Amino acid sequence: MSRRRVAAANWKMNKSFAEAELFVERLLEDIDPDKTEGVHIVLTPPYIHLQNLVEMLTLNEGIAVAAQNCHHEAQGAYTGEVSASMLKSIDVDAVLVGHSERRQYFGENDMIVSKKIHRALENDLMPVYCCGETLEQRESGAHLGTVTHQIEAALTGLSAQQMQQLVIAYEPVWAIGTGKTATVEQAGEMHQHIRSVLERLFGKESAESTSILYGGSVKASNAAELFAHPHIDGGLVGGASLDPEEFLAIVYALGHKRF
Ligand code: PGA
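On a predicted model such as this, the values are computed, not experimentally measured, just so you know. (Residues numbered from 1 in each chain as written. Predicted model: local features only at pLDDT ≥ 70, side-chain atom pairs only at ≥ 80, totals over all residues. Heavy atoms only, no water.)

A.B. asks: Could you give an account of the pattern of salt bridges, naming the residues involved and the relevant values?
C.D. replies: Counted under the stated rule, the structure contains 14 salt bridges. Of the charged contacts in the structure, one is a salt bridge between R119 and E73, with a shortest N-O distance of 3.7 Å. With R119 in helix α5 (residues 110–122) and E73 in the loop between β3 (63–67) and α3 (84–89), this pair connects stretches of sequence that are 46 residues apart. When the shortest N-O distance is used, the salt bridge between E122 and R119 registers 3.0 Å. Here the residue E122 and the residue R119 both occupy positions in helix α5, the gap between them amounting to three residues, near one helical turn. Residues joined by salt bridges that share partners form a network here, namely R3, R195, E208 and D233. (Salt bridge = Lys/Arg side-chain N within 4 Å of Asp/Glu carboxyl O. Helix = DSSP H or I, 4+ residues; strand = E, 2+ residues; numbered from the N terminus.)

In structure tokens, the structure reads:
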């Protein structure tokens, strides 16, 4: 079964308004459509850039715009927060949910993350659900169990139809921003494991059609090797997505992948 191939750029808290605009201009100038066939490109900038990027990319159906977060309630007295319906109202396509930096620095627990997934789905946004273990959990052999628990806590109760809208990103915490990428064997093992958990929860068809991205120090130099694995359907890229040329090289590596 063919799955969506997704290359997502997570800019985190980087880029001024002018820098974001320049990135998109250069991306559109340089992109070679022959090398991106079938690849869903997703740009995930800070909130202040969203509307401008949506407008700049209206004619480029292959490039979606995602937010890095949304609040878990629908609306109300939550100073400083942004809701899923507000994102939808400016035509944002997707939203990251459960990124390990949100879990670590902003105290997001499984319950909050699960509510955010529901808010995103209610508003027809594609949730990119992030999961992954810490170094300590991997070294003690608890990595598979940790991720099983994260998946169960966040996704149990969703329908197979809702699962079609969702993408999973496996991001081992020890590989994020550290320059230490998981090996293809480590990532592949986890992706296969996640797929088996999905099969138990939602059935084989749903498990086979859910895209699972790898994130954690993906770079132009290691992307092709990672994407060659049959269970790795793309990447969520932080640091290496800040430069349009490097990001495009990663997108092209995914463009070469055929299921
Ligand atoms: P990184 O970040 O590529 O800089 O490791 C990935 C992420 O956090 O999504």
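A.B. asks: Give a detailed account of helix α11 (residues 220–227), specifying residues and quantitative values.
C.D. replies: N222, A223, L226 and F227 are the residues of α11 that are buried. For α11, the angular spread of the buried residues around the axis is 130°, confining them to a single face. Opposite the packed face of α11, turned more than 90 degrees from it, sit the exposed residues S221 and E225. (Buried < 20%, exposed > 50% of the residue type's maximum accessible area, 1.4 Å probe, protein only. Arc of directions from axis to C-beta.)

A.B. asks: Describe in detail the packing of aromatic side chains, supporting the description with residues and values.
C.D. replies: Scanning all chains against the criterion turns up two aromatic pairs. Consider the rings of W11 and F23, whose centres lie 4.8 Å apart with planes at 70°: the pair is edge-to-face. A residue pair is termed long-range when its members are at least 10 positions apart, and W11 in the loop between β1 (5–10) and α1 (17–30) and F23 in helix α1 qualify at twelve residues. Between the NZ or CZ atom of K15 and the centre of the ring of W11, over which it lies, the distance is 5.3 Å. Above the plane of the ring of F106 lies R102, whose end atom (NZ or CZ) is 4.0 Å from the centre. (Phe/Tyr/Trp six-rings, centres within 6.5 Å; stacked < 30°, edge-to-face > 60°. Lys NZ or Arg CZ within 6 Å of the ring centre and 35° of its normal.)

A.B. asks: Explain the nonpolar core to me, and be specific about the residues and the numbers.
C.D. replies: L43, I151, L155, I194 and L198 are the most contacted members of the largest nonpolar core, which has 68 residues in total. Filtering out sequence-adjacent residues up to four positions away, L198 remains in contact with I151, L155, M163, I168, G203, A207, T210 and I212. Judged by nonpolar contacts, the second largest core, of 14 residues, contains A8, V128, V167 and A169. (Core = buried A, V, L, I, M, F, W, Y, C linked by side-chain atoms within 4.5 Å. Contact = heavy atoms within 4.5 Å.)

A.B. asks: Describe the site of the ligand, listing the residues and the values that go with them.
C.D. replies: Neighbouring the ligand are 13 residues; K12, H99, E171, G177 and S217 lie closest to it. Take K12: an N or O atom from its side chain is 2.8 Å from an oxygen atom of the ligand. Taking G177, its main chain carries an N or O atom lying 2.6 Å from an oxygen atom of the ligand. For the ligand, the accessible surface in isolation is 280 Å², of which the surrounding protein chains cover 95%. Along the lines of polarity and charge, the residues of the shell around the ligand split into four nonpolar, seven polar and two charged. (Near = heavy atom within 4 Å. Polar contact = N/O pair within 3.5 Å; in protein donor to acceptor, adjacent residues only side chain to side chain. Areas by Shrake-Rupley, 256 points an atom, 1.4 Å probe, with all protein chains shown as cover. Nonpolar A, V, L, I, M, F, W, Y, C, P; charged D, E, K, R; others polar.)

A.B. asks: Explain the packing of helix α7 (residues 143–155) against helix α9 (residues 184–202) to me, and be specific about the residues and the numbers.
C.D. replies: Orientation of α7 relative to α9, taken along the N-to-C sense of each, is 40°, at an axis distance of 10 Å. If you check the angle between α7 and α9, you find them oblique. As α7 runs across α9, the sense of the crossing is right-handed. Contacts between α7 and α9 involve H143, L144, V147, T148, I151, E152 and L155 from the former and E189, M190, H193, I194, V197, L198, R200, L201 and F202 from the latter. When grouped by side-chain class, the residues that make up the contact of α7 with α9 number ten nonpolar, three polar and three charged. (Axes fitted to C-alpha atoms, helices over the stretch in contact; angles between N-to-C directions. Parallel < 35°, antiparallel > 145°, perpendicular 65-115°, else oblique. Left-handed = near helix turned anticlockwise from the far one by under 90°.)

A.B. asks: Can you tell me about unusual backbone geometry, naming the residues and giving the values?
C.D. replies: Positive phi outside glycine occurs at D91, with the angle close to 65°. Locating D91 in the fold gives a position in the loop between α3 and β4 (94–97). In this structure, D124 is a non-glycine residue whose phi angle is positive, near 60°. Looking at D124, the relative accessible area reads 48%, which means it is partly exposed.

A.B. asks: Give a detailed account of the pairing of strand β6 (residues 167–170), specifying residues and quantitative values.
C.D. replies: Side chains on a regular strand alternate between the two faces of the sheet. Because side chains alternate across β6, one face comprises the buried residues V167 and A169, and the other comprises I168 and Y170, equally buried. As defined by bridge partners, strand β5 (residues 126–131) adjoins β6 across four bridges and the pair is classed as parallel. Across the sheet, the residue bridging to V128 is V167, located in β6. Pairing analysis gives three bridges linking β6 to strand β7 (residues 212–215), with the strands arranged parallel. For A169, the partnering residue across the bridge sits in β7 and is L213. (Pairing = 2+ DSSP bridges.)

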